[in-house]
Amino acid sequence: DLSDAPLVEGKSALAEELCLPFREEMRNVNGLYHTYTLYNANNVGNGNRNDTMPDQRQVVPYSNLWKEENLGDFDSLRSIRDFVSNCHEREEVARRMIAPDSDTALSEQELLELKIPPSGISPSI
């Protein structure tokens, strides 16, 4: 599964190239909202003037999109969500690899470029 690429040992070219852009895109999407209109199926086709009138409108944050119950059969979105989650995991492992008393401050990109020790990373998903 492509979403596991950031968990591999050594270096991951996919993680180096895609983690930050995918993470940024998820941040952008999560900041948006969608107006969702529910229609009452019982009113449709009854000849009522209100057949096309919505029962209610809801404003839903796109951040809810990534929840398992909302993904349904969208395996591609699930893979993106899992990929970004595994990128965070890789970054955390890289942070722990650096000595805590070190004054070295690495960027997110530099953390993603560190070699992960053999056996890789166990997913937390």
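Before going into details, it helps to say that this report is about the structure given with it. Given the structure is predicted, the values throughout are model-derived calculations rather than measurements.

**Things to note about the pattern of salt bridges**
(1) Moving on: The tally for this structure, following the rule as stated, stands at 10 salt bridges.
(2) Moving on: We note a salt bridge from Arg 23 to Glu 108, for which the minimum N-O separation is 3.1 Å. Placement of the pair is Arg 23 in helix H1 (residues 13-30) and Glu 108 in helix H4 (residues 108-113), with a sequence separation of 85 residues.
(3) Moving on: Classification of Arg 23 by relative accessible area gives buried; the value is 5%.
(4) Moving on: By relative accessible area, Glu 108 is classed as partly exposed at 35%.

**Some remarks on helix H3 (residues 75-97)**
Think of an α-helix as turning once every 3.6 residues; residues three or four places apart then point the same way.
(1) Moving on: Given a rise of 1.5 Å per residue, 23 residues ought to cover 33 Å, and the 32 Å separating the end C-alpha atoms of H3 matches this to within 8%.
(2) Moving on: Within the sequence span of H3, burial applies to Arg 78, Arg 81, Asp 82, Phe 83, Val 84, Asn 86, Cys 87, Glu 89, Arg 90, Glu 91, Val 93 and Ala 94.
(3) Moving on: Among the structural elements, H1, helix H2 (68-71) and H4 are those in contact with the buried residues of H3.

**Regarding the environment of Asn 28**
(1) Moving on: Take Asn 28: it is sitting in helix H1.
(2) Moving on: It is 9.6 Å that separates the C-alpha atoms of Asn 28 and Tyr 62, two residues lying 34 residues apart in sequence.

**What to know about the side chain of Arg 78**
(1) Moving on: Take Arg 78: it is sitting in helix H3.
(2) Moving on: Dropping the residues within four chain positions of it, Arg 78 is found in contact with Glu 68, Leu 71 and Gly 72.

Conventions we followed
Residues numbered from 1 in each chain as written. Predicted model: local features only at pLDDT ≥ 70, side-chain atom pairs only at ≥ 80, totals over all residues. Heavy atoms only, no water. Salt bridge = Lys/Arg side-chain N within 4 Å of Asp/Glu carboxyl O. Helix = DSSP H or I, 4+ residues; strand = E, 2+ residues; numbered from the N terminus. Buried < 20%, exposed > 50% of the residue type's maximum accessible area, 1.4 Å probe, protein only. Expected span 1.5 Å × (residues − 1). Contact = heavy atoms within 4.5 Å.

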